[in-house]
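Each chain is listed here by its residues.
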Amino acid sequence: MMVEVPNQVHPFVSQKTYWVAKIIATCGQLLLLRYEGYMDDRSGDFWCNIASGEVHPIGWCARMGKKLQPPFSIIEKQSNWSEFLVKALTGSKSIPNYLPDMITSCLLIDRIQPGMFLEVLNEHDPTKAWPAMIRENRGGYLKLAYVGTSKESKEYFYLWYTHWRLHPLGWALSKKLSLKPPEALVSENSQKTISQWNGYQQEAFKSSAEKPLPVDFFKDQKDIKEHYFLIGMKMEAVNPKRQWEIGPATVSKVFNKYFFLVRMDDHKGGNLPVQFICYQDCPGIFPVNWCRRNGINIAKPPGYDVQVYRWQDYLKYCKSLSAPERFFRTVSFRNSFSV
């Protein structure tokens, strides 16, 4: 693989010039390079950091008006360097044009760029997913827009780059999930046909091949383990609408072996259910009596009017069973949090 890099400083050469070099070996972001013309001579090999901004794809000098000139140390080895270079580059490969711009830092979050694509699990139904494009990266906090959303639209959302809903393109089909746009997006674009939606999807795959995600994008994302929850099981959960409260909740739906739906208990009626998707290691869900053991006051569910809340009484009232403690991740929590 060939690249264009600056020539090493020489006292007889005042102008900064460039020459073609071959990648001999790699070590992380470091490249061991050899200028073309050295043949099998390793004496001129040198290391260069690809994040230095000095490593460019073939053709960069021509586009930028930079001078290509062989290193002073080998300039006498060939009589016609132009002809030599044409032969050397014929059939060779170079780094992608976008690569030097992507690798400006060893930090993953700095290499996530606008214009890259992900698959996003539906926030209401984790058996469905749809591609989304990264519009902004704010230190790992990604501003995303589903494909099919116009550039002028303000229909976007934010997720942290390690969020469980984010996956590489092709992941949904590999897991035998449906690739469908969210219902809200379809409703807002009711004039669009199925063929158009399929076209957006195909365009996302094509664009992603030209500007792929960093290969280590998902290295910090935890694997989702299989759960054992069943419909009707009780637990304690942080109320997503009142995040300073932890109250009784119920498994209201099991989507598959990875995801289930939790609904905050409400015996008053008349209110829209407060519910959210969970998985086995999901933060914010706890076994029955977790609050009591950790000195936290549990919020009584609306419509259940008792002076002192006790789980054993509440389970009898609901004719329900609690989810076994072994179904939850191990949690310890000690501070002054109270509700």
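Residues numbered from 1 in each chain as written. Predicted model: local features only at pLDDT ≥ 70, side-chain atom pairs only at ≥ 80, totals over all residues. Heavy atoms only, no water.

**Regarding the pairing of strand β7 (residues 141–146)**
- For β7, the buried fraction is high: five of the six residues fall into the buried class.
- With six bridges joining them, strand β6 (residues 128–138) and β7 adopt antiparallel strand pairing. In the sheet register, Ile 134 faces β7, and the bridge partner there is Leu 144.
- Following β6, the chain reverses through two residues before pairing antiparallel with β7; Gly 139 in that reversal takes a positive phi of roughly 65 degrees.
- With four bridges joining them, β7 and strand β8 (residues 157–160) adopt antiparallel strand pairing. Within β8, the residue paired with Lys 143 across the bridge is Tyr 158. (Buried < 20%, exposed > 50% of the residue type's maximum accessible area, 1.4 Å probe, protein only. Helix = DSSP H or I, 4+ residues; strand = E, 2+ residues; numbered from the N terminus. Pairing = 2+ DSSP bridges.)

**Here's the deal with the pairing of strand β1 (residues 2–6)**
- Taking burial as the measure, the five residues of β1 include five buried ones, the bulk of the element.
- Judged from the five bridges that link them, β1 and strand β2 (residues 18–27) form a sheet pairing that is antiparallel. Across the sheet, Pro 6 pairs through a bridge with Tyr 18, a residue of β2.

**Thoughts on the sheet that holds strand β13 (residues 260–264)**
- Read from one edge to the other, the open sheet built from five strands follows the order β14-β13-β12-β11-β15, with strand pairing classed as antiparallel. For this open sheet the edge positions go to β14 (275–278) and β15 (285–286), each flanked by a neighbour on one side alone.
- Judged from the four bridges that link them, β13 and β14 form a sheet pairing that is antiparallel. Across the sheet, the residue bridging to Phe 260 is Cys 278, located in β14.
- Taken strand by strand, helix α8 (residues 311–318) contacts β11 (234–239) and β12 (242–254), and its axis lies near 105 degrees from that of β11. (Contact = heavy atoms within 4.5 Å. Axes fitted to C-alpha atoms, helices over the stretch in contact; angles between N-to-C directions.)

**Brief notes about the pattern of salt bridges**
- In the structure shown here, the tally under the stated rule is 13 salt bridges.
- Between Arg 138 and Glu 136 there is a salt bridge, and its shortest N-O distance comes to 2.9 Å.
- A relative accessible area of 47% places Arg 138 in the partly exposed class.
- Between Lys 225 and Asp 281 there is a salt bridge, and its shortest N-O distance comes to 3.6 Å. (Salt bridge = Lys/Arg side-chain N within 4 Å of Asp/Glu carboxyl O.)

**A closer look at the side chain of Thr 250**
- Here Thr 250 shows up in strand β12.
- Given the relative accessible area of 6%, Thr 250 is considered buried.
- Here the side chain of Thr 250 touches Lys 234 through a polar contact of 2.7 Å, side chain to side chain.
- A distance of 2.6 Å separates the side chain of Thr 250 from the side chain of Asp 265, its partner in a polar contact. (Polar contact = N/O pair within 3.5 Å; in protein donor to acceptor, adjacent residues only side chain to side chain.)

**Overview of helix α6 (residues 194–210)**
- Look at α6: 25 Å from first C-alpha to last across 17 residues, which is about the 24 Å you get at 1.5 Å a residue.
- When we look at burial in α6, the residues that qualify are Trp 197, Gln 201, Ala 204, Ser 207 and Ser 208. Taken down its axis, α6 places every buried residue within 130 degrees of arc, on the same side. For α6, the exposed residues lying more than 90 degrees away from the buried face are Ser 195, Gln 202, Lys 206, Ala 209 and Glu 210. (Expected span 1.5 Å × (residues − 1). Arc of directions from axis to C-beta.)

**Regarding unusual backbone geometry**
- A positive phi is found at Met 39, a non-glycine position, where the angle reads about 55 degrees.
- Relative to the helices and strands, Met 39 is located in the loop between β3 (30–35) and β4 (46–49).
- Unlike most non-glycine residues, Asn 289 shows phi in positive territory, near 75 degrees.
- In this fold, Asn 289 is placed in the loop between β15 and α7 (290–293).

**Examining α8**
- Within the span of α8, buried status applies to Trp 311, Tyr 314, Leu 315 and Cys 318. Considered in projection along α8, the buried side chains sweep an arc of 100 degrees and stay on one side of the axis. Exposed and facing more than 90 degrees away from the buried side of α8 are Gln 312 and Lys 316.
- Buried residues along α8 sit against β11 and β12.

**Let's talk about the packing of aromatic side chains**
- Counted under the stated rule, the structure contains 26 aromatic pairs.
- Seen from their ring centres, Trp 311 and Tyr 314 are 5.6 Å apart, and the 75 degrees between their planes marks the pair as edge-to-face. Taken together, the positions of Trp 311 and Tyr 314, both in helix α8 and three residues apart, correspond to about one turn of that helix. The burial state of Trp 311 is the same as that of Tyr 314; both residues are buried.
- On the basis of an interplanar angle of 20 degrees and a centroid distance of 6.4 Å, the ring pair of Tyr 314 and Tyr 317 is categorised as stacked. One end of the pair, Tyr 314, and the other, Tyr 317, are both in helix α8, three residues apart, so they sit about a helical turn from each other.
- Counting every residue linked through ring pairs, the aromatic cluster contains Tyr 228, Phe 229, Phe 260, Phe 327 and Phe 328. (Phe/Tyr/Trp six-rings, centres within 6.5 Å; stacked < 30°, edge-to-face > 60°.)

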